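Below, each chain spelled out in residue letters.
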Amino acid sequence: MTTSMIPRETATRLTLSRRESVLTFVLLTLATLGIGLLLALDPRWGYDEAWHLYLSTVSPWTKALEEGLVDARPPLHHLLLMPMAQLGSDPFWFRLPSVLAATAMVPLWYWLLRRLRVVPAMALLGVVLLITSFAFLELAVSVRAYSFGLLFLTIGLLAATTLVPRTHSDTTGLGTAPRPQPLIAALGLTIAFAFIYSALFVTLGLILALALVWAGRAAPRLRQTLEWLRTWGFLDWTALLVWVIGSLSVLLWLAVGHGRDPGTVAPVHLESFTLCEGDSILEFAWCGLVGNAGWLMPQFSATTLGQTLAVAVFWTAAALVLVSALWRRDNARVLMVLAAVMTTAMVFAAGVAGIYPFGGLMRHQAMLFPLYLVVVVLALDVVWSRLRSQRAQQVVGLAVVGFALLGLYRANSSNPVGEAHTDGMLPEISGALACDSGQTLYVEGQVFYPLYAAAYAQGIAFRATLTERDGLPVEIPYGTGWFNGLISPRDWDVFTMKDACGADRTLIRDRRHWTLPDAPDARLDSQLEALKTSLGVESLQVIRLPPEADATSADEPPAARCPMHR
C-alpha cells in the first residue's frame, strides 16, 4: 500500500488521540469563555459601547427606533441588549452576550477547519490562532454586534463548504438531494447581515466564488441552467427565498436611513479610508491592504518594511493555498480563497466609490476576519502536511503558538484589548452631572454618548422630550413627534435628566455637529436662539471636549508609509 492511500490524518507521525483532541478542544473553549468574562469585568464604558448602551436603553422605545433609522444601524443587536438592562447597569451584563457569541464561535471554527480537511493537530492550532487574535478578543468583549456577526458568518461559511462539487465531475452540490445545508447557509449569512451590514460583502463574495467553482468543475451541467433549476427541491427554493427576503428587509432598513438627510455627522477621520479626489488609486489600494494585514498580523512592525512583509506574507499564503487546492482539486479550499479575494475586491471597490471604508478601522473590516484567518490556517496546514518527523511538527506547533502570542502582546501593548481602556470619565462629563452644572445643558455630538453612559452608571435616566405624548411646544424647523422624527431627522434632541443631587436638568444634544465649530456659525446660532425661546430658557451651558492634540502612536512611527488603525 502506498502512502497516498493513507488518510492525511495518519500520513504524518504526530497524531492526537480522539480523547486528547476533545480534551484540548474543551480546554480551549473554556479558556475563551474565561478570558472573555475576565476582560468584560472592566467597569468602564468605551465610546461605541456607550452608543450601543444608549440605543438599547433610551426611553421611550420609539426614540430607539428613530435613532436606529437615523444612524442606519441594524436593530437586531439592540433588541438583544434590551433584556440585559434588567440585570444591572454594569458594563459586564451588556458585554456578556458578545462573550457568549464569541465562545460559541470556537466549536464552529474547529468544525469549519475540519470540514476543510485540516488535520486535527493543526485545527487545534487554528483555534489557538483564533482565541489569541487581537481582532477576535477586541470584538468579543465589546458591546457591539460584530461578535454575533462573526458567529453567523462562520455558520454560513461552514454550510457553504458543502455546496461545492467534491470532484471534477461531481454535480451533487445543489438540487440533487433534500439537504438542509443551503438553508443553513442562507440563514447564517442573512442573520449575519442583520447584525453587521458589511456581512453582505462576504455573502456576495461567496456567491461569486461558488459560481466560479461550479463553472470550473461542473460546466456542462451549468450550461443547462433550466434543467438544473428543475432539480431544485423545497429546501433549495426555501433557502433562496430566505436569503432574498431577509437581505431585502435589511437593505430596506439601510436605505431608509441613508436615503434621508443624515443625523449625527461622522468623525472626519473616517474619510481617510475612502478614495478622495486627487488621491492615487494605487496608493489607496496599497494602504488598504496594509491596514487589513496590520490588524490580522500585528506581529509585524508598522514601518514600511514591516507593512510590506505583512501584506506579502498573507497574500503569498493565499496563493500557496489556492495553488495547492487546485492541484488537489479540493474545491472547498478553493472556495475559501476565492471568497477572500472576491470580498476584498468588493470592499476595495466600495472604498473607491466612497460608500464604505477599505483598510480602515478594524471593526469596519471585521467581516474579512474569518476568511483571512482561514487562509492563514490552510497555509500552515499545507506546510504541516509536508513535515515527516514528529520533532519538526512540534517545533512548528510551538512556533505558531509563540507567533500568535507575540502578535497579541504587540497589539495589546499599544492598544489594549476592549474599548473600555479609551478613557475614564472626562472632567467635562463629570461637570455636566455635578449639582451646580446649570439647568440647561447643550452638548456636541461626541460628548453625548459618554455622558449618557456616565449618567446610566449613576442611575440617572434620560428621556426624550420631543414626542407628542410629552407635548413640549417646540417651534423650530424640524419635525416633532416620533413619526416625524423617522421621516425628517432633527438637528438636535432634547432630553430631561437629573444631576447628581436629583435636580431636574434639560439636555440638548447637537446631532449635526460631531464637534462644535470654532468659528461663528450663523445657522447654528439662529436655530439655537429659536430653541432657547421654545424651551423658555435664557442661557445654555455648552459642554464640549477640548481638541485632541496631534500625537503619533507608538505603533505608528514616522517611517511608516501608511498609518495602522485598530
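Residues numbered from 1 in each chain as written. Predicted model: local features only at pLDDT ≥ 70, side-chain atom pairs only at ≥ 80, totals over all residues. Heavy atoms only, no water.

1. What to know about the overall build of the chain
Looking only at helices and strands, the chain features 23 helices and five strands. By residue count, 52% of the 566 residues in the chain fall in the buried class. When contacts within the chain are restricted to residue pairs at least 6 apart in sequence, those whose partners lie at least 24 apart make up 78%. When the accessible surface of the chain is totalled, it reaches about 25,300 Å², and 65% of it is carbon and sulfur. (Helix = DSSP H or I, 4+ residues; strand = E, 2+ residues; numbered from the N terminus. Buried < 20%, exposed > 50% of the residue type's maximum accessible area, 1.4 Å probe, protein only. Contact = heavy atoms within 4.5 Å. Areas by Shrake-Rupley, 256 points an atom, 1.4 Å probe, with all protein chains shown as cover.)

2. What to know about the packing of helix H15 (residues 281-296) against helix H17 (residues 331-353)
Packing of H15 against H17 brings their axes to within 11 Å, and their N-to-C directions diverge by 130°. With respect to H17, the axis of H15 lies oblique. Along this stretch, H15 crosses H17, giving a crossing that reads as right-handed. Here Ile281, Phe284, Ala285 and Leu289 of H15 come into contact with H17, specifically with Thr344, Phe348, Gly351 and Val352. (Axes fitted to C-alpha atoms, helices over the stretch in contact; angles between N-to-C directions. Parallel < 35°, antiparallel > 145°, perpendicular 65-115°, else oblique. Left-handed = near helix turned anticlockwise from the far one by under 90°.)

3. A look at empty space enclosed by the protein
Scanning the entire structure with this criterion turns up three cavities of 30 Å³ or more. Its boundaries defined by the atoms lining it, the second largest cavity holds a volume of some 40 Å³. Residue assignment for the lining of the second largest cavity shows that the elements contributing at least two residues are helix H6 (91-115), helix H8 (134-140) and helix H9 (146-160). Broken down by element, the lining of the second largest cavity gets its largest block of residues, three residues, from H8. (1 Å grid on protein atoms, 1.4 Å probe; cavity = no way out; pocket = protein on both sides within 12 Å on 5 of 7 lines; lining within 4 Å. Points joined across faces, edges and corners; volume = space filled by probe spheres on them.)

4. With respect to unusual backbone geometry
With a phi angle near 65°, Arg117 is a residue other than glycine that sits in the positive phi range. With respect to the helices, strands and loops of the structure, Arg117 is situated in the loop between H6 and helix H7 (120-131). Classification of Arg117 as partly exposed rests on a relative accessible area of 41%. A positive phi is found at Arg329, a non-glycine position, where the angle reads about 55°. Among the secondary structure elements, Arg329 is positioned in the loop between helix H16 (304-328) and H17.

5. Some details on helix H10 (residues 181-195)
A rise of 1.5 Å per residue sets the reference length of H10, with its 15 residues, at 21 Å; its end C-alpha atoms lie 21 Å apart and thus fit the reference within 8%. Of all 15 residues in H10, 12 are buried, a share of seventy percent or more. Where H10 is concerned, the buried positions are Gln181, Pro182, Leu183, Ala185, Ala186, Gly188, Leu189, Thr190, Ala192, Phe193, Ala194 and Phe195. (Expected span 1.5 Å × (residues − 1).)

6. Remarks on the side chain of Ser147
By the secondary structure assignment, Ser147 is in helix H9. With a relative accessible area of 3%, Ser147 lands in the buried category.

7. Observations regarding the pairing of strand E1 (residues 440-443)
Because side chains alternate across E1, one face comprises the buried residues Thr440 and Tyr442, and the other comprises Leu441 and Val443, equally buried. Here E1 runs beside strand E4 (residues 504-510); their pairing, made up of four bridges, is parallel. In the sheet register, Val443 faces E4, and the bridge partner there is Arg509. Bridging between E1 and strand E5 (residues 541-543) involves three bridges; their strand directions are parallel. Bridged to Leu441 within E5 is Gln541. (Pairing = 2+ DSSP bridges.)

8. Points about the pattern of salt bridges
Scanning all chains against the criterion turns up eight salt bridges. Between Arg363 and Asp48 there is a salt bridge whose closest N-O contact spans 3.2 Å. Pair noted here: Arg363 is in the loop between H17 and helix H18 (369-384) and Asp48 is in helix H3 (residues 47-57), with a separation of 315 residues, a long-range link. Residue Glu49 pairs with Arg95 through a salt bridge whose shortest N-O separation is 2.8 Å. With a gap of 46 residues between them, Glu49 in helix H3 and Arg95 in helix H6 connect regions that are remote in the sequence. Residue class for Arg95 comes out buried when judged on its relative accessible area of 1%. Among the charged side chains, a salt-bridge network with shared partners connects Asp48, Glu138, Arg144 and Arg363. (Salt bridge = Lys/Arg side-chain N within 4 Å of Asp/Glu carboxyl O.)

9. A short note on the packing of H6 against H18
The N-to-C vectors of H6 and H18 enclose an angle of 50°; their axes lie 11 Å apart at closest approach. With respect to each other, H6 and H18 are oriented oblique. Crossing geometry of H6 relative to H18 is assigned as right-handed. The segment H6 lies against H18, with Trp109, Leu112 and Leu113 engaging Pro370, Leu373, Val374 and Val377. The class makeup of the residues in the contact of H6 with H18 is seven nonpolar, no polar and no charged. (Nonpolar A, V, L, I, M, F, W, Y, C, P; charged D, E, K, R; others polar.)

10. Section: H18
Compared with the 22 Å implied by 1.5 Å per residue over 16 residues, the 22 Å span of H18 between its first and last C-alpha is a close match. Counting buried positions along H18 yields 14 of 16 residues, so the element is predominantly enclosed.

11. A look at a nonpolar patch on the surface
Nonpolar side chains collect at one region of the surface, where Val22, Leu23, Val26, Leu27 and Leu30 lie side by side and expose about 450 Å² of accessible area between them. Along the chain, Val22 falls in helix H2 (residues 18-40). Residue classification places Val22 among the partly exposed positions, given a relative accessible area of 44%. (Patch = residues over 30% accessible without salt bridge, like charges linked within 9 Å, V, L, I, M, F, W, Y side chains within 5 Å.)

12. Quick notes on the packing of aromatic side chains
Aromatic ring pairs are defined here through the distance separating the ring centres and the angle between the ring planes. For the structure shown, the criterion picks out 25 aromatic pairs. Residues Tyr54 and Tyr452 carry aromatic rings whose centres are separated by 5.1 Å and whose planes lie at 85° to one another, so their mutual orientation is edge-to-face. Of the two residues, Tyr54 is situated in helix H3 and Tyr452 in helix H21 (residues 445-457); the sequence distance between them amounts to 398 residues. On the accessibility criterion, Tyr54 (0% relative accessible area) is buried. Judged by its relative accessible area of 3%, Tyr452 is buried. (Phe/Tyr/Trp six-rings, centres within 6.5 Å; stacked < 30°, edge-to-face > 60°.)

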